[in-house]
Amino acid sequence: MRLGFYFAAAIVMATLTGCSSIVPDYVAREFAAPRPFEPNHYIAVEKEIPLVLASHDGKSADEVFSHEALSSGQFVLTSDLSPTNLVATLGVRQYLPYSHVGFLVIEDGVPFVYSMHSGDVDVRKLGTDGALVGGIDRESLKKVIRSNPVVSIFNPSPDADRVKLIAYIKNAYAQHIPFDPFFDAEDHSRLYCGEFIAVALEHAGAHPPRPVLLRNNAAIAYISRSLKIHDAYFLSPGLFADPARHVATFSAVLNQNQIAAYLAVPRELFQRFTDDQRFGALIEIQNNGGTKLRPSIREFISQVLSMARFAKTSDPEQMAEMVHRFAGKFFSDD
């Protein structure tokens, strides 16, 4: 579960309050899944399609994994410029580009990712235990890469006891520790994604990073009240991404240049998000309750990735400077 998804649910709730019907019945029928014996030409073949990594010269995931220094206990961070994840990125006072974090655990030679997720938000129960139900998921690293534009691996600090770390991860998974809908970092009977990582590190004798303050923004304050979030601090996923301990970055859709540009985009959006800024400048609520980026934001991301594709450098600092210069021309000063 990403914090932004939960925040966005509150925005949707506030926007649609009083609507008796979001989607007409005849539209809902047309978008319902086909029933048995009805035509359906989009059923997936039940076999694994080889994952080719565009960020590694078209090599298969297995080829790349066998040469990377992957090991159990590493952090797996994902970046996804979806509307809900941008809410999380913009909602804290420190720029942190990643939106979710989990642990890598290699089992019988296969890398898996353990992370704290949640299910769908029940907006009728916001502020209660029943609004959000979830727990620790276990997914293959291949699946995580397919589901996210950018996936990066980082080593934990050297003082983390890997044996104790893995023991805690496996035990937490076996105990079905639930997701924390109130993001309370003091109560470890329920956890959110960053808190799961921090608590595991403490069990392993390591010191987790200090949480970051939520932004002093009217929209964030409203959402926090709606969700009964009392903490002014948040263990953001990006806190666990130490460049000095970077191991590898994967993408099934972006080349190396585009990865660097993709990670630079949210910095530009973050720098323009002032405390009096509304999320509506970036995110649009649709009639069906879903969210999408505003056309200007989608166009900005698209043009950045187009430029980056054929850039002569993939150096993160040089790419960030290129994106910054382009943002200065693309966005108005108003």
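Residues numbered from 1 in each chain as written. Predicted model: local features only at pLDDT ≥ 70, side-chain atom pairs only at ≥ 80, totals over all residues. Heavy atoms only, no water.

For the structure on display, the rule yields 18 aromatic pairs. An angle of 20° between the planes, with centres 5.1 Å apart, marks the rings of Y192 and F234 as stacked. One end of the pair, Y192, is in the loop between α6 (162-175) and α7 (193-203); the other, F234, is in strand β9 (residues 233-234), and 42 residues separate them in sequence. Their ring planes at 40° and their centres at 5.6 Å tell us that F326 and F330 sit as a pair that is tilted. Placement of both F326 and F330 in helix α11 (residues 316-330) is noted, with a separation of 4 residues, approximately one turn of the helix. Residue class for F326 comes out buried when judged on its relative accessible area of 14%. (Phe/Tyr/Trp six-rings, centres within 6.5 Å; stacked < 30°, edge-to-face > 60°. Helix = DSSP H or I, 4+ residues; strand = E, 2+ residues; numbered from the N terminus. Buried < 20%, exposed > 50% of the residue type's maximum accessible area, 1.4 Å probe, protein only.)

Summed over the entire model, instances satisfying the criterion amount to 9 salt bridges. A salt bridge links K170 to E107; the nearest nitrogen and oxygen atoms lie 3.6 Å apart. Residue K170 is located in helix α6, and its partner E107 is located in strand β4 (residues 100-107); the two are separated by 63 residues in the primary sequence. Salt-bridge contacts for E321 lead to R325; the nearest nitrogen and oxygen are separated by 3.7 Å. Of this pair, E321 and R325 both sit in helix α11, 4 residues apart, roughly one helical turn. Beyond isolated ion pairs, a larger network of salt bridges with shared partners links E107, R138 and K170. (Salt bridge = Lys/Arg side-chain N within 4 Å of Asp/Glu carboxyl O.)

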